[in-house]
Amino acid sequence: MMESRLIQAGRAKVRVYETGAGTPLLFLHGTHGILPNDSFLAALAQRYRVYAPCLPGYEDSDDAGALREMLDFTLHGLDLIEALGLRRPFLVGHSLGGMIAAEMAAVAANDIDRLALIAPHGLWLDSHPVPDLFAALPFDLPGLFFHDVALGTRLLTDGLDLEDPKFLADFMVTRARRLGTAGKILFAIPDRGFAERAYRVKAKTVVVWGEADRMMPPAYGEAYLRLLPAARLVRVPAAGHMVTHEQPDVVVAALAALD
Amino acid sequence: MRFIWFHLMPWPHLPDDFRETYRSVWVDIPSRLYDPVRGVGIYNTYLDQLEYAETLGFDGLGVNEHHGNAYGMMPSPNLMAAALARRTSRAAIVVMGDSIALYNPPIRVAEEMAMIDVLCGGRMIAGFPVGTSQDTNFAYSTVPALTREKYAEAHQLIMRAWAADEPFAFNGRYTKMRYVNCWPKPLQKPHPPIFIPGGGSIETYDFCLEHEYNYSYLSYTGYTRARALMDGFWARVAEKGKDDSPYRASFAQVICVGATDQEAERLYSEHVSYFYNRCLHVYPPFFDAPGYRTVKTLQAGMITQLTQARHKELPTLAWKDLIERGYIIAGSPATVRERMEDLIKTLRVGQIYCLLHLGNMPDDKVRYSSKLFAEQVIPHLRSIWPAYRNDDRFWCRPPAPVVAPVRVASVGGE
């Protein structure tokens, strides 16, 4: 079990997991939150002191009704750095968290000097429409999120019975809290204008993408690179949107190149 | 009792293999299935049916709002209400409603409803639904978790706009207006009666009771399933110390009347089947975008269970099942009378939204069923609530008598 605590970050009280030793790293998780026995956090912990907050709506973090739009979430991310007493942590965001991390690096360009964006949301390409996560059925998720669907099914539903009404009722509440909150920046089109603010980013940046990402097709990696021309794009074979959990060591190695 | 003849205006030409070929009647159904050439006759027939309902003595004519929906072809109920305003003279025009969170700025609702109310001489009832998740979130892209806040703000703006006699500034979170100035204003004072559709959340019960609005439960699954929800409403009425006038509440019911039970089945079963099996074929995730319902409501469990139960049940439902499980009330006038009386007393409601047109039902059958209901059922149910005979708080109040339109002299003066 990782140690964790509740902290007040700006207008939201959130749970923060802390693990590992090394230079400080703030990790903002994706739409799926932090998994039980999270293998990506474990891989990060080999090299960094990892601070992994649960975003509002996840686990027992507040639902934070006062966070309504992109700026609120961006400031919440900066409030987390402040509340944790961190100085220029390595900022790493995956999926939903990557969208927030990119915005933080644009808004507070002088405070974020190292940035890793792992399959971040935040752009829209008409040629590659992002699947509608909000209309997905529970059993669609492993296929949307993982290259290895069997692994995904095990990680997302291990020990759970999708036919059990009690599980479904809890699932509905968890999903409503998580995606209800995430939906404030992802619904209905997960683009809140980062492309127009990207020019402000000063951080040394790596963009990491699973080559088999069906949720955020790899074309979005190219699009991020066009907006952040100084960044490096690392394509990871045999990995989907949850590249963090399918190839954790490859992702950590890509991050380490910024050290 | 009051009876509202309520139209959904469905597309009646969904193909036989609709359920197998398409995942949903709503949100992502391809519009190539719509044919505007056929649409001309369909819209006009539907409006004729509403006008006919007035001649039969129905108290209200109901229209509603849906988007991207082949069973509800009124993206703008206000247009249909305006058409009815000019061609009717007595029945209430129940606009159920305008999904007020979807209008930008929402003053548009205050303006258009005021236009309708004046045009029809004060017969309009204003419905203010939050809107289904299908319409509000999926078809119109409102952020689910912000929908209710946006709705509450729109409600506040509209009510202030109707009440004000001077322009005012409105600094809302979603709407900021320097000059809120509703021209024209509604004829009914202080405002038209307001009906709110609800689905079981305590917040909506309280919202209706606080403002003296009517609570409408619009369901297609019949009154036996509605009992727990309406019991919840009436328990809340008692807790709040309000009187228990049945006119506080309304319910929607699918109704088919024939000369005999057998004739009803023979005439209507295929259309009922079209309605339940094609029109209500909705891809389940569209019912509930995450964040649309409050966690409190989800934890109460009722909606999830009902939704699940409904999806499991609907595919196999035939005429007999639909009657036995109470989804529809159908049969001879005597049968329908008995079931309607049971419904009205069980749920304690003062208004019924009568769904007498279903799916692909042809005009002659719609009129036949409606006429039998008006002539042989309604008269027996009229006086079911004698204690509240004079309660007109929840119904339109046209200034009596409704004035004949006054022609305005030409600008030059004569």
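Counting restarts for each chain, with residues numbered from 1 along the sequence as it is written. Chains and ligands are labelled by the order in which they are written, letters from A for the one and numbers from 1 for the other. Since the coordinates come from a predicted model, pLDDT governs what is reported: local features require at least 70, and pairs of side-chain atoms require 80 or more to be given and counted, while whole-chain, interface and lining totals use all residues. As a convention, hydrogens and water are excluded, and side-chain values are obtained from all of the structure's heavy atoms.

**Here we look at the sheet that holds strand β8 (residues 232-236) of chain A**
Residue and element names in this part refer to chain A.
Consideration 1: Note on pairing: DSSP must find at least two bridges between two strands before they are called paired. Only runs of H or I of at least four residues qualify as helices and only runs of E of at least two qualify as strands under DSSP, and these elements are numbered from the N terminus. Read across the open sheet, the eight strands follow the order β1-β2-β4-β3-β5-β6-β7-β8; overall the sheet is mixed. Only two strands of the sheet have a single neighbouring strand rather than two, namely β1 (3-9) and β8. Taken pair by pair, the neighbouring strands of this sheet meet at an average axis angle of 25 degrees, ignoring direction.
Consideration 2: As paired strands, strand β7 (residues 204-210) and β8 are joined by five bridges and run parallel to one another. Counterpart to Val-207 in the pairing with β8 is Leu-233.
Consideration 3: Any pair of residues with heavy atoms lying within 4.5 Å of one another is described as a contacting pair. Axis lines are fitted to C-alpha atoms, over the contacting stretch for helices. Their N-to-C directions set the angle, which ranges from 0 to 180 degrees. Against the sheet, helix α3 (residues 96-107) makes contact with β3 (23-28), β5 (90-94) and β6 (114-118), and its axis sits at roughly 140 degrees relative to β5, the strand it touches most.
Consideration 4: This element, helix α8 (residues 219-227), spans β6, β7 and β8 of the sheet and lies at about 170 degrees to β8.

**Focus: empty space enclosed by the protein**
Residues and elements named next belong to chain A.
Consideration 1: Computed over the protein atoms alone on a 1 Å grid, cavities are sets of points where a 1.4 Å probe fits but cannot get out and pockets are open sets with protein on both sides within 12 Å along at least five of seven lines; a residue lines them when it has an atom within 4 Å of a point. Grid points are joined across faces, edges and corners, and a volume is the space filled by probe spheres set on the points. With the rule as written, the count across this model stands at three cavities of 30 Å³ or more.
Consideration 2: Looking at the largest cavity, the residues that line it are Phe-27, His-29, Gly-30, His-32, Gly-33, Ile-34, Asp-38, Phe-40, His-94, Met-242, Thr-244 and His-245.
Consideration 3: Gly is placed with the polar residues, together with every amino acid not listed as nonpolar (Ala, Val, Leu, Ile, Met, Phe, Trp, Tyr, Cys and Pro) or charged (Asp, Glu, Lys and Arg). A breakdown of the residues in the lining of the largest cavity according to their chemical character gives four nonpolar, seven polar and one charged.

**Notes on the interface of chain A and chain B**
Interfaces are often sized by the amount of accessible area the parts lose when they come together.
Consideration 1: Taken together, the contacts link 20 residues of chain A with 22 residues of chain B.
Consideration 2: Throughout, the accessible surface (probe 1.4 Å) given up by two parts as they are put together, summed over both, is called the buried area. When residues of chain A are sorted by the area they lose upon contact with chain B, Arg-68, Met-172 and Phe-187 of chain A head the list and together hold 35% of the total.
Consideration 3: In what follows, salt bridge is the name for a side-chain nitrogen of Lys or Arg lying within 4 Å of a carboxyl oxygen of Asp or Glu. Our enumeration of links across chain A and chain B arrives at one salt bridge.
Consideration 4: A salt bridge links Glu-149 of chain B to Arg-68 of chain A; the nearest nitrogen and oxygen atoms lie 2.6 Å apart.
Consideration 5: Counted as a polar contact is a pair of N or O atoms within 3.5 Å, where, for protein atoms, one must be capable of donating a hydrogen and the other of accepting one, and residues adjacent in sequence contribute only when both atoms are in side chains. For the pair chain A and chain B, the number of links is two residue pairs in polar contact (both at pLDDT 80 or more).

**Describing the packing of aromatic side chains**
What characterises a pair of aromatic rings is the spacing of the ring centres plus the angle enclosed by the ring planes.
Residues and elements named next belong to chain B.
Consideration 1: Pairing of aromatic rings covers Phe, Tyr and Trp, the last through its six-membered ring, and needs centres within 6.5 Å; plane angles under 30 degrees mean stacked, over 60 mean edge-to-face, and all others mean tilted. Taken as a whole, this structure holds 28 aromatic pairs over all chains when the rule is applied.
Consideration 2: Pairing Trp-26 with Tyr-71 gives two aromatic rings, centres 5.5 Å apart and planes at 70 degrees, and the pair type is edge-to-face. Here the residue Trp-26 occupies a position in the loop between α1 (18-21) and α2 (36-56), and Tyr-71 occupies one in the loop between β2 (60-63) and α3 (77-87), the gap between them amounting to 45 residues. The pair Trp-26 / Tyr-71 is uniform in exposure class, with both members buried.
Consideration 3: An aromatic cluster is defined as three or more aromatic residues linked by ring pairs; in this entry it consists of Trp-26, Tyr-71, Tyr-220, Phe-275, Tyr-276 and Tyr-327.
Consideration 4: Over a ring means this: the NZ of a Lys or the CZ of an Arg is within 6 Å of the ring centre and within 35 degrees of the ring normal. For the cation-ring pair, Arg-23 lies above Tyr-283, with the distance from its terminal atom to the ring centre recorded as 3.9 Å.
Consideration 5: Over the ring of Trp-234 we find Arg-348; its NZ or CZ atom is 5.7 Å from the centre of that ring. Burial classes follow relative accessibility: with a 1.4 Å probe on protein chains only, a residue under 20% of its type's maximum area counts as buried, one over 50% as exposed, and anything between as partly exposed.

**Considering the environment of Val-282 of chain B**
Consideration 1: Counting through the fold element by element, Val-282 of chain B comes out in the loop between α9 (261-279) and α10 (295-300).
Consideration 2: C-alpha of Val-282 of chain B to C-alpha of Asn-69 of chain B: the two residues are 213 residues apart in sequence and 9.8 Å apart in space.

**A word on the packing of α2 of chain B against helix α14 (residues 363-376) of chain B**
All names here are of chain B.
Consideration 1: Axis separation between α2 and α14 bottoms out at 10 Å; the angle between their running directions is 20 degrees. Overall, the two elements α2 and α14 adopt an arrangement that is roughly parallel. Relative to α14, the crossing made by α2 is right-handed. Of the residues in α14, those in contact with Thr-45, Asp-48, Gln-49, Tyr-52 and Leu-56 of α2 are Asp-363, Val-366, Arg-367, Ser-370, Lys-371 and Ala-374.
Consideration 2: Class assignment of the residues belonging to the contact of α2 with α14 gives a composition of four nonpolar, three polar and four charged. In these notes the angle categories are as follows: under 35 degrees is roughly parallel, over 145 is roughly antiparallel, 65 to 115 is roughly perpendicular, and the rest is oblique. By the definition used in this description, the sense in which the near helix is turned from the far one sets the handedness, with an anticlockwise turn below a right angle giving left-handed and a clockwise turn giving right-handed.

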